Amino acid sequence: FSTMSRERADSQGSLGPDDEVMPYSDDETDDELDPSSDEERLDCLPFLFPESGWRVKANDRAFCNLPEFQKKYFLCLKKSKYAGNGIKTYKYNALTFIPLNLFEQFKRAANLYFLALLILQIIPEITTLPWYTTLVPLVLVLGITAIKDLVDDLARHRMDNEINNRKCEVLLDGRFQVSKWMNIHVGDVVRLKKNDHIPADILLLSSSNPNSLCYVETAELDGETNLKFKMGLKVTDERLQEEGQLAQFDAVIVCEEPNNRLDKFTGTMRWRKDRFPLDLDNMMLRGCRIRNTDECHGLVIFAGADTKIMRNGGKTRFKRTKIDELMNYMVYTIFVILVLLCAGLAIGNTFWYEEVGSKAWYLYDGKDQTASYRGFLSFWGYIIVLNTMVPISLYVSVEVIRLGQSKFINWDLQMYYQEKDTPAKARTTTLNEQLGQIEYIFSDKTGTLTQNIMAFKKCTIAGHTFGDPANPVDFTWNKYADRKFEYLDHSLVACIRSKKDKDTLEFFKLLSLCHTVMVEQKEDELVYQAASPDEGALVTAARNFGFVFLSRTQDTITISEMDQEMTYEMLALLDFNSDRKRMSIILRFPDGRIRLYCKGADTVIYERLSPNSKHKEVTQTALDIFANETLRTLCLCYKDISKQEFDAWAKKHKAASVAMGNREAALDRVYEQIESNLMMIGATAIEDKLQDGVPETIAKLAKADIKIWVLTGDKKGIVSGAARLCGGESLWNIHLYKVPDPFFPEPGRNALIITGGWLNEILYEKKKKRRRLRLKRLGKRPASATPQDAAQPIDDWEKETRQVDFVNMACECEAVICCRVTPKQKANVVSLVKKYKKAVTLSIGDGANDVNMIKTADIGVGISGQEGMQAVMSSDYAFAQFRYLERLLLVHGRWSYIRMCKFLRFFFFKNFAFTLVHFWYSFFSGFSAQVAYEDWFITLYNVMYSSLPVLLVGLLDQDVNDKLSRKFPKLYLPGQQGALFNYKNFFISLFHGIFTSLVIFFIPYGAFLQTMGQNGEAPSDYQSLAVVMASSLIFTVNMQISLETSYWTFVNCFAVLCSIAIYFGIMFDIHSAGIHVIFPSTFTFTGVASNALRQPYLWLTIILTVGITLLPVICIQFLYKTIWPSVADNVRPAEEKSTPFQRGRRSRRSAYAFSHSRGYADLIASGRSIRRRPATSYRVGLV
């Protein structure tokens, strides 16, 4: 590939943002951007005035019930604002289930419509059908939905009861007593033991480990299985170990109100006339579990619904598919057609009564009603008769199909990752067919395209670069070495072991000291628990090069420096966050010196280097080389601090750490003061390899005309390789937001790389609006506008034009890479494409920073990788490897789309063909709203006689098998174009239904005009005509779906035959004399079936009717397959020649989820017949 970087000057000549700097990294919500709340947030009243806000007193339950903590909840009734610890996630109870569930179901327009019909059928002057023809289907639909809701809610009840009745030791009356979780209150002191679940959000007071260290597993909270450590305050660790001491504990905690921020907690403990700062490291959250700690004690701060995990249990954004929206519009269209038909028939009834009905003495009914009034009643009567045009069972059938398709994804063993025992998971059942319509994929890079397993590859120390590939280094000289660690440059090891280069020794000493890694001793092995893979890789590298991190306490760190154990006093730890992009540690050396070690991103480190720092230029050159090799880099530096300087800074740090208002901002300002005039040591370079199959997957998806955008926080140099991976040959670094047409004058495949700073210019983030608004309210004039601010759009039109230009330019590229972007910007980019391209989008990521993007896209996919499970928990689909995305889209997505489209087309057709027979019959019945069929046939048609075959087509049909779906990605294109289900297909189904209804009515009608049976009797009565039309319809509909079926199994064949058999079985039963004797007014077609169907003439009529309805369909299918074949029609012969399934053949796939023997789920999902089929067999394909 040729790489060309073209920089264009801004037409306005304005200065641009720094390409390497993230504009900001907060993930703001709409509430935070609400201008009306700015002044309130600025005041921060609860924090500036400790007497208000959330206050907790230890060992004092009565404190929470004081009048000042009461709040109104109903009229004048009050209760404590502190929630109890019992939780309630269920929706219904025994009293509310029926009314509340019915209320929710009747919110759906279709159910409400059929309820209105049922009411109309009760009115004697209007009704033309018995009430049960509507009641039976409606009750069936409501019942199935209610049963599903009941099962789900019972599961929630069981889960709530299980959790609320868990046991925990609570300090009551001076001693620990066993209590249920639901009986725990805010302010209680609890004792937890190893492997216990944490019952509430608890402030850690002390533990059995040294320095009150406590390990917790947060798998239920965020899905991460690596242990995290929590640490009690030094004062509580020393004074609150015994039961008696805990009983005397009477501190008051003042902290933030309950919220859903899992990554933040701010509070202060007031005890014994002193104040102590509290943060998230002191809190153990509900949903976690105690690990590797024999015993610990804590104080309940938030309970029940106030805990952070419960606050995060809110509703997710509701997503709907394009087919859902189209289906709703089509139902509305059907309703409009229904009203127009009924109005036309009502007008016909009015004229007929004036011309014929009123003049025929034998039609006189004794009612003195005008023709217009009779027409009005006829309108409502036809609304009832033709109500089956609006399909009541459509929504239930669609949900059943989607549930089955979701199960096929869950059962697909080819998407099962054996190394981590992780199957694919469809976390939603409402979006499957949308997987077959994806046009844009937005992907994270680290952990999604790459493995997120970091390996230390290169480094630069004092201007010297190490890491040139050679033979693997032998680390047997180091007894602490990690056997899995590999390094290829012998010169670095030689340099360290010689102990002559002080910079190299200082480099690895920094790596072994400046971190937040925790260490455990397991079977004489050191096991590191790191907050991020990068940090773990750096500490492991230092360990192998002789600087081994051994242990830590609250204020010391012990390491082994080339087999010499050294302990350093930790004076302060300035932790990493996404705004600072660096972390520092201040240590007191054994000789009394005080030194600050710092590591961080080059963009922030270079701003803080001393003018006297050496090796800045050569290190920057090395960093550029590392970035071009797609390596992740960190700069390392240090600073010596005098005792006087540190003492002065420590006072400021202590004041900032106990501040209740804007504590983080206060700490950041203090950190800035000490992190200055740093001296450069060098930089590290870590490799994050691509996952298996990523290049092949991206290439295959590109052939399916799916565009892939990579949205990442990495540097621009690192992501250039990703641009080429996604198909771009020419790289364009965009440094402007106004570009002339055409965007890319040179032909070829282009890749666009844009940084977060320039995205800010394009998106015009709300944060700048909020800052200006705040300054305006405070009466301050904003600082003179920078060129960057001056470039901001002056109105919404210019802003929208800028965004449209960006989207159009980006969509001309084969690949788009957005680097140095924040989580909020990721979501905004997805929103732009959805807004201006009206395209179906998919976002895929593996970390918490991808959650916003995943929720914003039409489809969200989570990778269960190294960064935990936050992305998975917010996703619609989840699996372990990026390469499975190919099968999810090209196989499951495509199949789901084709099946759903075929189901909907046929569902509408069979209802039109069934209902419009009434319309033709009305011309021969004086427009009197007389039905053409028997009442029970109308009741059971959609429920029993025609539902199963079409349902199975929606579940099992395939035009080609899974291998050919992946081999020919062009098969995916019809889904993107929406070609298989749209208004054109809808009207084709409508006209097909009209034609079928015409044939089904007029051929039997013509046959009955001049008819004589074999016994000399004329069977030309209305009831015999109804039986013949009904029988013709059942044969036509079931044979029509047989012609539409592309993939035959025993189940499909059985469903078609069974539907016909059920029809005849039920018909003969309800036409029998026995049931008429029991219910004479309900079953009136006594003996009709047996009398009519024994006439050969009528069987010939049925055969003729079915033949004429099916012949045009067969001809059209033949013409399409021979003259205008689709891509699938051309591909299908390759499938017919493939080797048939052999029952005894060994399979190389995993047998996950099935014990001992394999079931049939994978067989159904893979598209192969259960039975042996001849190689030359022919299958009818999709029209």
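Residues numbered from 1 in each chain as written. Predicted model: local features only at pLDDT ≥ 70, side-chain atom pairs only at ≥ 80, totals over all residues. Heavy atoms only, no water.

## Focus: the sheet that holds strand β7 (residues 201-207)
Link 1 in the chain: Strand order in the open sheet made by the six strands is β5-β4-β6-β15-β7-β13, with antiparallel pairing throughout. Each end of this open sheet is capped by a strand with a single partner; those strands are β5 (175-180) and β13 (283-284).
Link 2 in the chain: Relative to strand β6 (residues 189-193), strand β4 (residues 167-172) is paired through two bridges, and the arrangement is antiparallel. Looking at the pairing, E169 lines up with R191 of β6. (Pairing = 2+ DSSP bridges. Helix = DSSP H or I, 4+ residues; strand = E, 2+ residues; numbered from the N terminus.)

## Concerning the pairing of strand β12 (residues 274-278)
Link 1 in the chain: The sheet contact formed by strand β11 (residues 267-271) and β12 spans five bridges and is antiparallel. Counterpart to T268 in the pairing with β12 is P277.
Link 2 in the chain: Joining the antiparallel neighbours β11 and β12 is a turn of two residues, in which R272 adopts a positive phi near 55°.

## Quick word on empty space enclosed by the protein
Link 1 in the chain: All told, the structure shown has five cavities of 30 Å³ or more when counted by the stated rule.
Link 2 in the chain: As a volume, the largest cavity reaches approximately 130 Å³.
Link 3 in the chain: If you trace the largest cavity, you find 17 residues lining it, with T133, P137, N387, T388 and I938 closest to the centre.
Link 4 in the chain: Elements that contribute at least two residues to the lining of the largest cavity include exactly α5 (132-164), α29 (884-922) and α30 (935-945).
Link 5 in the chain: Top contributing element to the lining of the largest cavity by residue count: α30, with five residues.
Link 6 in the chain: Residue composition of the lining of the largest cavity, grouped by class: ten nonpolar, seven polar and no charged.
Link 7 in the chain: Roughly 80 Å³ of internal volume is contained in the second largest cavity.
Link 8 in the chain: What lines the second largest cavity is simply Y933, E934, F937, Y945, A1026, V1027, A1030, Y1063, M1067, I1070, H1071 and F1085.
Link 9 in the chain: At the level of elements, α30, α35 (1022-1044) and α36 (1050-1070) are the ones that each hand at least two residues to the lining of the second largest cavity. (1 Å grid on protein atoms, 1.4 Å probe; cavity = no way out; pocket = protein on both sides within 12 Å on 5 of 7 lines; lining within 4 Å. Points joined across faces, edges and corners; volume = space filled by probe spheres on them. Nonpolar A, V, L, I, M, F, W, Y, C, P; charged D, E, K, R; others polar.)

## Some details on the packing of aromatic side chains
Link 1 in the chain: Counted according to the given criterion, the structure contains 64 aromatic pairs.
Link 2 in the chain: Note on F906 and F909: the rings are 5.4 Å apart at their centroids and 55° apart in plane angle, and the pair reads as tilted. In this pair, F906 and F909 both sit in helix α29, three residues apart, roughly one turn of the helix. The pair F906 / F909 is uniform in exposure class, with both members buried.
Link 3 in the chain: Pairwise contacts between aromatic rings join F919, W920, Y921, F923, F924, F927, F1001, F1002, Y1005, Y1022 and F1085 into one cluster.
Link 4 in the chain: Stacked on the ring of Y528, the Lys or Arg R543 has its end atom at 5.2 Å from the ring centre. (Phe/Tyr/Trp six-rings, centres within 6.5 Å; stacked < 30°, edge-to-face > 60°. Buried < 20%, exposed > 50% of the residue type's maximum accessible area, 1.4 Å probe, protein only. Lys NZ or Arg CZ within 6 Å of the ring centre and 35° of its normal.)

## A look at the pairing of strand β28 (residues 679-690)
Link 1 in the chain: Summarising the sheet, strand β18 (residues 450-461) and β28 pair through eight bridges and their orientation is antiparallel. Paired with I461 across the bridge in β28 is G682.
Link 2 in the chain: Pairing analysis gives seven bridges linking strand β27 (residues 632-641) to β28, with the strands arranged antiparallel. Across the sheet, L634 pairs through a bridge with T684, a residue of β28.

## So, unusual backbone geometry
Link 1 in the chain: Phi at K273 takes a positive value of approximately 60°, unusual for a residue other than glycine.
Link 2 in the chain: Among the structural elements, K273 can be located in the loop between β11 and β12.
Link 3 in the chain: Its relative accessible area of 92% is what places K273 among the exposed residues.
Link 4 in the chain: Within the chain, A462 stands out as a residue other than glycine whose phi angle is a positive 50°.
Link 5 in the chain: The class for A462 is buried, based on a relative accessible area of 10%.

## Focus on the state of the cysteines
Link 1 in the chain: Under the counting rule described, the total for this entry stands at zero disulfides.
Link 2 in the chain: The cysteine C818 is free of any disulfide, with C819 supplying the nearest cysteine sulfur at 7.7 Å. (Disulfide = S-S within 2.5 Å.)

## Thoughts on the UniProt feature "binding site: Mg(2+)" (unreviewed entry) in the chain
Link 1 in the chain: Cross-referencing UniProt, the feature "binding site: Mg(2+)" (unreviewed entry) maps to D444, T446, D846 and D850 in the present numbering. Spatial clustering of the annotated residues is evident: they stretch over 407 residues in sequence, but the largest pairwise C-alpha distance comes to 10.8 Å.
Link 2 in the chain: Of the residues examined, D444 reaches a relative accessible area of 4% and is grouped as buried.
Link 3 in the chain: Among the secondary structure elements, T446 is positioned in the loop between β17 (440-443) and β18.
Link 4 in the chain: Overall, T446 belongs to the buried group, its relative accessible area being 7%. (UniProt positions renumbered as here; feature names shortened; annotations may be inferred.)

## A few points about the sheet that holds strand β24 (residues 564-574)
Link 1 in the chain: Across the sheet, nine strands lie side by side as β19-β18-β28-β27-β26-β25-β24-β23-β22; this open sheet has antiparallel pairing. Each of the sheet's edge strands pairs with one partner strand only, and the pair in question is β19 (464-466) and β22 (547-552). Across this sheet, the average inter-strand angle for adjacent strands is 30°, counted without regard to direction.
Link 2 in the chain: Sitting on the sheet, helix α14 (residues 502-513) touches β18, β22, β23 (556-561), β24, β25 (582-588), β26 (594-600), β27 and β28, and the angle it makes with β28 is about 60°. (Axes fitted to C-alpha atoms, helices over the stretch in contact; angles between N-to-C directions. Contact = heavy atoms within 4.5 Å.)

## Some points on the side chain of T558
Link 1 in the chain: If you trace the backbone, T558 turns up in strand β23.
Link 2 in the chain: Look past the residues within four positions of T558 in its chain and what remains in contact with it is V548, F549, L550, S551, E565, M566 and T567.

## Side note on a nonpolar patch on the surface
Link 1 in the chain: Where nonpolar side chains cluster on the molecular surface, the patch consists of I1116, F1118, L1119, Y1120, I1123 and W1124 and spans about 640 Å² of accessible area.
Link 2 in the chain: By the element assignment, F1118 lies in helix α39 (residues 1096-1122). (Patch = residues over 30% accessible without salt bridge, like charges linked within 9 Å, V, L, I, M, F, W, Y side chains within 5 Å. Areas by Shrake-Rupley, 256 points an atom, 1.4 Å probe, with all protein chains shown as cover. Salt bridge = Lys/Arg side-chain N within 4 Å of Asp/Glu carboxyl O.)

## Re the nonpolar core
As a rule of thumb, nonpolar side chains are buried together in soluble globular proteins.
Link 1 in the chain: Counting 114 residues, the largest nonpolar core has L394, F903, L904, F908, Y933, F937 and L1033 as its most contacted members.
Link 2 in the chain: If you tally residues by element for this core, the top one is α29, at 18 residues.
Link 3 in the chain: If you look at the next biggest cluster of nonpolar residues, it comprises 52 residues, including W54, W181, W271 and A303. (Core = buried A, V, L, I, M, F, W, Y, C linked by side-chain atoms within 4.5 Å.)

## Here we look at the environment of W54
Link 1 in the chain: Within the secondary structure layout, W54 lies in strand β1 (residues 54-57).
Link 2 in the chain: Among the residues examined, W54 registers a relative accessible area of 2% and is labelled buried.

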